[in-house]
Amino acid sequence: MAVIFTATYTCNGGFKLSELMHKFKRLDMNIVVDPVSGSIHVVDDIVYDILDYYGSYNNDDIVNFLRNKYNEDDIKDAIKEIDELKENGAIFTEDIYKDITNVRGDSVIKAMCLNVAHDCNLRCKYCFASTGDFKGGRKLMDFETGKKAIDFLIKSSGKRRVVEVDFFGGEPLLNFDVVKQLVEYGKEQAKKNGKIIKYTITTNAVLLDDEKIKYFNETFTNVVLSLDGRKEVNDNMRVRIDGSGTYDVIAPKIKKFVESRGEKEYYVRGTFTAKNLDFAADALHIADLGVYEVSVEPVVEKDNKDYTLKEEHLEKIFSEYDRLAEEYIKRYEEGNPFSFYHFKINLDNGPCIRKRLQGCGAGFEYIAVTPDGEIYPCHQFVGIDEFKMGDLEHGIVEKEMQQNFIESDIYKREECTKCWARFLCSGGCYANNYNINGDINKPYDLACEMQKRRFENAIAIKAYKLLKGDDNDKKI
């Protein structure tokens, strides 16, 4: 049989998602992806080779090209199988979404990043937030401003019942008393308004203690903790005000938190730079601390610094993602699995077509609020004056800016229209695009290449597990 295995990811609401066929080899499999239909095929060598010519040459030519490698009848049979896939809309599918515009219409705010601390007890060298103050001075959010923010979220969420608040900084644990006050206030207001508020927090874990661990486990839906991996790597970039490292302080606290967390959501997030291009070792180091949910993400830096990632680093980065995928499978087979954030992909009921075309919803479904009550499209735009959308007193007043985010989709980005992964990444991060290229609609090329490699490995892992008969772990 030429096509060994086929899976299709679909979009909620009956939509199916590709214009370009994409093929690659990973984990000893030949994998073919049809981006629009969402079909993923594991195929044998003959089909894989035929696809280099299919659609550009007639069948006789294809047979002539490959007759020295394969039996003629086998080539013809494989071509027929590809014909059937095409007729069934599983490969070379036409993009039916390019004429869709304004697919989200009048969206409501469903999530808020609440910057309760524009201050930090660390001075991480790569910090996008200017070591915590977002270039606006060190300050903490007071309770009254936080109350107004929660009121604004509830009012702006329309009929949506479940909303999210992410406590962020800087370091939000510098303002832990206000965090607790706001959680209690949010519970009261949610009950009055028929809402449910899910709380998350992102912390460097320096101030984590037994009280906070207990509180987070009882109250918070998700907790994100920061650790870059190996001690020498972490302590090179994640340092205190006096320049000393943090690993010896935070690693034991993170281990303790993870051991207490049970089945509740969390993940430990690191950053890799040009200083640790062998970052697979850092991801595995975090896993070896007993952490199941691991994320190690590339630094985003436009300036030419000694840690800036560049095009010349891509081959090494690709090899590290491949190494992580291989180690994922090895540990999965040994019964000692871990989850890598960027290898998670849902092939069953992924985001709807609106989400696939437009991405995260920054500026119209998601906002960030500063200690002064200023509103920005997301936490990564905070402090950039041209992206101030309004404030808690007057609401979102920059309607044109908000509309620009609403109307932004993958078809506004020429590079995306030609990319096989466009329905998986939705055009990348607005903030990264702006910070590197000065335009939310101009993709950050380096991030695109890394993202595509991550998707290839995520698809390969999912295919491997499904071939093994394991379809219980929907998000891997």
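Caption draft 1: How the structure looks around helix 15 (residues 430-437). Extensive coverage of helix 15 is indicated by the burial of six of its eight residues. Among all positions in helix 15, only Tyr430, Ala431, Asn432, Asn433, Tyr434 and Ile436 are buried. With its phi angle positive at about 75°, Gly438 sits one or two positions after the end of helix 15.

Caption draft 2: Geometry of the sheet that holds strand 17 (residues 374-376). Pairing is mixed across the open sheet formed by 11 strands, whose spatial order is 15-14-13-12-11-10-7-16-17-18-19. Lying at the two open borders of the sheet, with one neighbouring strand each, are strand 15 (339-340) and strand 19 (395-396). Bridging between strand 14 (residues 293-298) and strand 15 involves two bridges; their strand directions are parallel. In the sheet register, Val294 faces strand 15, and the bridge partner there is Phe340. Packed onto the sheet, helix 4 (residues 143-156) meets strand 7 (111-115), strand 10 (162-168), strand 11 (196-203), strand 16 (366-369), strand 17 and strand 19 and runs at close to 170° relative to strand 7.

Caption draft 3: Representation of the environment of Gly262 within the structure. Within the secondary structure layout, Gly262 lies in the loop between helix 8 (247-261) and strand 13 (267-272). According to the relative accessible area criterion, Gly262 is exposed, its value standing at 51%.

Caption draft 4: The arrangement of the pairing of strand 7 in detail. The element strand 7 is extensively covered by neighbouring structure, given that five of its five residues are classed as buried. Burial along strand 7 is two-sided: Ala111, Cys113 and Asn115 and Met112 and Leu114, pointing in opposite directions, are all buried. As paired elements, strand 7 and strand 10 share five bridges and run parallel to each other. Paired with Met112 across the two strands is Val165, which belongs to strand 10. Direction of pairing for strand 7 relative to strand 16: parallel, over a ladder of four bridges. Each residue of the ladder has a partner; that of Met112, found in strand 16, is Ile367.

Caption draft 5: Molecular detail of the state of the cysteines. Following the criterion strictly, the structure yields zero disulfides and no others. Cys113 forms no disulfide, and the closest cysteine sulfur to it belongs to Cys378, at a distance of 7.9 Å. Cys429 supplies the cysteine sulfur nearest to Cys378, a cysteine that is in no disulfide, at a spacing of 6.1 Å. The exposure class assigned to Cys378 is buried, which follows from its relative accessible area of 7%.

Each value, and the rule that gives it
Along each chain, the written sequence defines residue order, and numbers are assigned to residues from 1. For a predicted model such as this one, the threshold for reporting local features is a pLDDT of at least 70, and the threshold for listing and counting side-chain atom pairs is 80 or more; totals across whole chains, interfaces and linings nevertheless cover every residue. The side-chain numbers reported here are obtained from all heavy atoms of the structure, hydrogens and water having been left aside. Think of it in three bands: residues with accessible area under 20% of the maximum for their type are buried, residues over 50% are exposed, and the middle band is partly exposed, with areas taken using a 1.4 Å probe on protein chains only. Think of it this way: any DSSP run of H or I at least four residues long counts as a helix, any run of E at least two long counts as a strand, and we number them from the N terminus. Strand pairing is assigned whenever DSSP identifies at least 2 bridges connecting the two strands. Residue contacts follow a heavy-atom distance rule, with two residues in contact if any of their heavy atoms lie within 4.5 Å. Angles here are taken between N-to-C directions and fall from 0 to 180 degrees, while the axes themselves are lines fitted to C-alpha atoms, restricted in helices to the stretch in contact. When the sulfur atoms of two cysteines come within 2.5 Å, that pair is taken as a disulfide.

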